[in-house]
Every structure is written in structure tokens, then in C-alpha cells.
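Residue-level structural notes
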Amino acid sequence: MPDPTRPPPIRPQPLAGAVASHLETLILEGVLRPGERLAPERELAEALGVSRPSLREALAQLENRGLLTGSRAGTQVADFLAPLSGPLATLFGQSPRIARDYFEYRRLMEPEAAALAARRITDPERVALREALAAMEAAHRRAVPAEEAEADLRLHRLLHEASHNLVLLHVLRVLADLLRRGILVSHEQYWRRDDLRGAILAQHLGIGEAVLAGDAAAAAEAMRGHIDFTESAFQAFRAGEERLAESLRMRDRRGLVAED
């Protein structure tokens, strides 16, 4: 008879479960990102130091949890926040007040994320941030809107990762993905305007330098100023689009009314 006063023996976690837990942590920390394809099975098993059967079982567990998807092309990190981003995309497209609320939300959250990044950034993240700033400057010199827009999003993603707050990381990533998809306005539109390009680059460099210097207050203030500027630019762009649409409707009214 087992002794009821003794604690149960500690049993090691099955290898497949340990591998699944490790990969799950990498996904939740943003090391493995939605849409990224994992290495082929043999290479992945070698990298993790496990057998292929154990790896297959671990991947199957994560597929059942909705964190991975499998196909003929291989195994990918699932867009596990799609149930959130889908309804948000619909809301963004239908609500006339969503732009105002979107920028208000960013003003509340992103300065704090920048401040946390300044306090918590690690040496590898410093290297990645410096590389991102250099890539942004290079894209600016080439004046290719798509490159500059992508460099912009990459910089913000790195700052979110450096905050080491998983809730901030994933919620802000959803919003960044909506921005990339042009839910509010084509992100590249900003980078097609020469009157904005230089200012936006300078703002990003200021944010990055404050984070690298570990100055949380300056990082938050620089991020706040950047969001204020971006909102003003967005509102001016939206007003211009509305005026253009109105003038086109006036031009095209011919054929809708009887001629005298």
C-alpha cells in the first residue's frame, strides 16, 4: 500500500511535452512569429536535440492547441490572434470614429512600451535595433516607399519585443499587422510624401537613440511626439482624400440630372 503521507514521486515530463513547451514559449515570446515556416523536420530535430518521433508528437500537440499549422509546404506558426484581428479589421473599416480611437490607444500604450524597452533592452536586442535604424536610413536614401514602410514596422516590432511584456507585444503586433494591411490607409502612402519622410525618419531615430541610451522618459516622449505627428499627417491625408472624392462626385454628376 502506498503511504498517503508521502508526496507522490516526481515524474519527468515526457520528451515530446518538453519540446512542445519549449516551442510554445518561443511562440509566445515572439521568437517564432506568425506565418514563419519551421525548419524541415530533420533539421529541426537536430537543432532541438531530439528524435524525429518525439518532435512529430510535439508538433502535433501544438497543432491541436492552434499554435502551429501543418501543410504540404511544411509547418508554420499559426496566426493564433486571427480571431481577434478579423473582427478588428471589420470594425476598422466600418466605424467612422475608429481612426481617432486607434491613435488614442497608441498614445496610451506605445510610449509605455518604448519606456519599458529602454529599461529592459538586452544586448542582442541593441544590436538588432541598431541594424533596424541603419536599414531605415538606407531605405530612406533609396526612397523606395515599400522598403521604408517595412523598415518602419520592423522598428516598432523590435521595440515591442524589447519591452519584454508579452501582452503588449501581441496586442501591438495585431495593430501593426492591421496597419500593414492598409485597414486605415496604405502605410506606403506616408512614405510617398517628401514632406513627411524626413520628419518620420528623424522621429524614429530619436526614439531608437533614447531606447539605446536607456532613457525611458525620453523614449516615451519621443514615441508620444511621433504618434501625435502621425495622427496629424493621417488626418490631413484623410481630409485631402475626402475633398478629392467630393470634387469627383461633382464632376461625375453629369448624367444624373436632366439637362435643360
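Residues numbered from 1 in each chain as written. Predicted model: local features only at pLDDT ≥ 70, side-chain atom pairs only at ≥ 80, totals over all residues. Heavy atoms only, no water.

All right, on to the packing of helix α7 (residues 145–162) against helix α10 (residues 194–212) then. The geometry of α7 relative to α10 is characterised by a closest axis approach of 12 Å and an angle of 20° between their N-to-C directions. Classified by the angle their axes make, α7 and α10 are roughly parallel. Between α7 and α10 lies a crossing of left-handed hand. Residues Glu148, Asp152, Leu155, His156 and Leu159 of α7 touch α10, and the partners they reach there are Arg197, His204, Ile207 and Val211. Across the contact of α7 with α10, the residue classes tally to 4 nonpolar, 2 polar and 3 charged. (Axes fitted to C-alpha atoms, helices over the stretch in contact; angles between N-to-C directions. Helix = DSSP H or I, 4+ residues; strand = E, 2+ residues; numbered from the N terminus. Parallel < 35°, antiparallel > 145°, perpendicular 65-115°, else oblique. Left-handed = near helix turned anticlockwise from the far one by under 90°. Contact = heavy atoms within 4.5 Å. Nonpolar A, V, L, I, M, F, W, Y, C, P; charged D, E, K, R; others polar.)

Before going further, it helps to examine the nonpolar core. Core analysis: the largest hydrophobic core is formed by 36 residues, its most contacted members being Leu129, Leu155, Leu159 and Val211. Taken together, the elements giving at least two residues each to this core come down to α5 (98–120), α6 (123–142), α7, α8 (166–180), α10 and α11 (216–251). Among the elements that take part in this core, α5 stands out by supplying 9 residues, more than any other. Non-local contacts of Val211, meaning those with residues more than four positions away in its chain, are made with Ala114, Ala117, Ala118, Ile121, Leu129, Leu159 and Ala219. By size, the runner-up hydrophobic cluster in this structure holds 17 residues, among which are Leu23, Leu32, Ala58 and Leu67. (Core = buried A, V, L, I, M, F, W, Y, C linked by side-chain atoms within 4.5 Å. Buried < 20%, exposed > 50% of the residue type's maximum accessible area, 1.4 Å probe, protein only.)

In this model helix α1 (residues 15–28) runs 20 Å from its N-terminal to its C-terminal C-alpha over 14 residues, within 8% of the 20 Å that 1.5 Å per residue would give. Those residues of α1 that fall on the buried side of the exposure criterion are Ala16, Gly17, Val19, Ala20, Leu23, Leu26 and Ile27. (Expected span 1.5 Å × (residues − 1).)

We now examine the pairing of strand β1 (residues 68–71). Judged from the 4 bridges that link them, β1 and strand β2 (residues 74–77) form a sheet pairing that is antiparallel. When the bridges of β2 are listed, Ser71 appears paired with Gly74. (Pairing = 2+ DSSP bridges.)

This next bit is on the packing of aromatic side chains. This structure, assessed with the given rule, holds 2 aromatic pairs. Taking the centre distance of 5.1 Å and the plane angle of 70° together, the rings of Tyr102 and Phe103 count as edge-to-face. Phe103 shares its class with Tyr102; the two are buried. Note on Phe103 and Phe234: the rings are 5.5 Å apart at their centroids and 50° apart in plane angle, and the pair reads as tilted. Separated by 131 residues along the polypeptide, Phe103 in helix α5 and Phe234 in helix α11 bring together distant segments of the chain. Here Phe234 falls in the buried class, since its relative accessible area comes to 1%. Within the aromatic cluster, the residues linked to one another by ring pairs are Tyr102, Phe103 and Phe234. (Phe/Tyr/Trp six-rings, centres within 6.5 Å; stacked < 30°, edge-to-face > 60°.)

Moving on to the side chain of Gln203. You can see Gln203 is positioned in helix α10. Not counting residues up to four positions away in its chain, the partners in contact with Gln203 are His226 and Phe229.

With that settled, the discussion passes to the layout of surface pockets. Gaps between atoms show up when a probe of the same size as a water molecule is rolled over them. What the second largest pocket holds in volume is close to 250 Å³. Together, 15 residues line the second largest pocket, and Glu29, Val31, Glu125, Glu161 and His164 are the ones closest to its centre. Of all the elements in the fold, those that place two or more residues in the lining of the second largest pocket are α6, α7 and α8. The element contributing the most residues to the lining of the second largest pocket is α7, with 4 residues. (1 Å grid on protein atoms, 1.4 Å probe; cavity = no way out; pocket = protein on both sides within 12 Å on 5 of 7 lines; lining within 4 Å. Points joined across faces, edges and corners; volume = space filled by probe spheres on them.)

With that out of the way, let us pick up unusual backbone geometry. Of note, Ala143 is a non-glycine position whose phi angle comes to about 55°, a positive value. Within the fold, Ala143 resides in the loop between α6 and α7.

Okay, α7 next. For α7, built from 18 residues, the straight-helix expectation of 26 Å at 1.5 Å per residue is met to within 8% by its first-to-last C-alpha distance of 26 Å. For α7, the buried fraction is high: 13 of the 18 residues fall into the buried class. Remark: His164 follows α7 within two positions and exhibits a positive phi of approximately 55°.

Time to look at the pattern of salt bridges. Taken as a whole and judged by the stated rule, the model has 14 salt bridges. Between Arg100 and Asp101 there is a salt bridge whose closest N-O contact spans 3.5 Å. Among the residues examined, Arg100 registers a relative accessible area of 48% and is labelled partly exposed. When the shortest N-O distance is used, the salt bridge between Arg197 and Glu148 registers 2.9 Å. Pair noted here: Arg197 is in helix α10 and Glu148 is in helix α7, with a separation of 49 residues, a long-range link. (Salt bridge = Lys/Arg side-chain N within 4 Å of Asp/Glu carboxyl O.)

It is worth stressing that arrangement in space is one thing and function is another; only the former is reported here.
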